[in-house]
Amino acid sequence: MTERSSTHLVIIPSYNPGPKVREVVGEARALWNPVWVVVDGSTDGSTDWLQEQARNDPGLRVLVLPRNSGKGAAVLHGLQQAAAEGFTHALTMDSDGQHPAALIPRMFELSRRNPDAMILGRPVFDASAPRARVYGRRLSNVFADLETLWSGIGDSLYGFRVYPIRPLCAVMEGHRWMRRMDFDPEVAIRLCWRGVRPINLDTPVRYFRADEGGVSHFHYVRDNVLLTSMHLRLLGGFLLRLPMLAYRRLGERVSTDTKSAA
Ligand SMILES: Nc1nc2c(ncn2[C@@H]2O[C@H](COP(=O)(O)OP(=O)(O)OP(=O)(O)O)[C@@H](O)[C@H]2O)c(=O)[nH]1
Ligand SMILES: [Mg+2]
């Protein structure tokens, strides 16, 4: 039985996840307590199973959004409730089985040692990953590097992360963006702008075929248009912050040099 944390929780946004969600929730619960699943207007019957599980497991909570609102909106819904209950840090992971639940304790351990930082999983793909996914993210990563002056975001799109809740809510509540698939890249960039340091951890990613229970709701055209317009919008914010970012990055270089010289 895992001991309940009153400060660190797992939040799983879930939209029509297919059968894999059962394994994901089971693995996450075996390693962490509490785990919250935010059902984002699912219509695939997964809600009933999740609610039934939660009835028999005090470590599992299921929040249900009546309508599909987007990944970011689902995460924010969980974060706001978690903040109200005194939680300080949240690990986000997908409900489709792609993220390595086994690394939840390691991610939280890194976060506990660096509570002001965000811990970013960095995907290590195997042969199961579609090439479009492996190479397609490079452009988003180039933009994210530029927009943060190479502050160290290892992967802008990957959703297996631990965030400090308070700055994340502040960033999201201040803008109407970040509610859909723009959530993962835009929050990482905006948190960098606020001075939240990224720490990267390499983590394996699995892609499942449809006959293995794999499900994706990523729409190549719709979501790539969303991501491209997001980066174009963020470039404006970047130019405004350029002097501040350059000043900060210069300071980091000097302090690193000082340390290495000591
Ligand atoms: N796409 C999508 N995902 C949602 C939504 N609401 C919650 N989610 C969850 O967000 C996570 C990521 O969704 P995926 O469709 O797997 O997107 P992805 O992992 O970026 O795309 P793939 O690399 O193709 O798997 C999953 O846990 C979804 O269940 C939504 O409205 N749209
Ligand atoms: Mg996925």
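Quick caveat: nothing in here was measured; it's all calculated off a predicted structure.

## Quick word on the pattern of salt bridges
Scanning the model with the defined rule gives 17 salt bridges in all. In this structure, E109 and R106 form a salt bridge, with 3.7 Å as the shortest nitrogen-oxygen distance. Of this pair, E109 and R106 both sit in helix α4 (residues 104-113), three residues apart, which is roughly one turn of the helix. On the basis of relative accessible area, R106 is assigned to the partly exposed category, the value being 34%. Between E186 and R233 there is a salt bridge, with the nearest N and O atoms lying 2.7 Å from each other. One end of the pair, E186, is in helix α7 (residues 183-193); the other, R233, is in helix α8 (residues 220-261), and 47 residues separate them in sequence. The exposure class of E186 is buried, given its relative accessible area of 0%.

## Some remarks on the packing of aromatic side chains
Inspection of every chain in the model, using the stated rule, returns six aromatic pairs. Ring centres of Y163 and F183 lie 6.0 Å apart, and the angle between their planes is 65°; on these two criteria the pair is classed as edge-to-face. Taken together, the positions of Y163 in strand β6 (residues 161-164) and F183 in helix α7 put the pair 20 residues apart, joining distant regions of the chain. Across this residue pair, the class does not change: Y163 and F183 are buried. When the ring centre of W177 is taken as origin, the NZ or CZ atom of R176, which lies over that ring, is 4.2 Å away. Above the plane of the ring of W177 lies R233, whose end atom (NZ or CZ) is 3.7 Å from the centre.

Thresholds, definitions, all that
- Residues numbered from 1 in each chain as written.
- Chains lettered and ligands numbered in written order.
- Predicted model: local features only at pLDDT ≥ 70, side-chain atom pairs only at ≥ 80, totals over all residues.
- Heavy atoms only, no water.
- Salt bridge = Lys/Arg side-chain N within 4 Å of Asp/Glu carboxyl O.
- Helix = DSSP H or I, 4+ residues; strand = E, 2+ residues; numbered from the N terminus.
- Buried < 20%, exposed > 50% of the residue type's maximum accessible area, 1.4 Å probe, protein only.
- Phe/Tyr/Trp six-rings, centres within 6.5 Å; stacked < 30°, edge-to-face > 60°.
- Lys NZ or Arg CZ within 6 Å of the ring centre and 35° of its normal.

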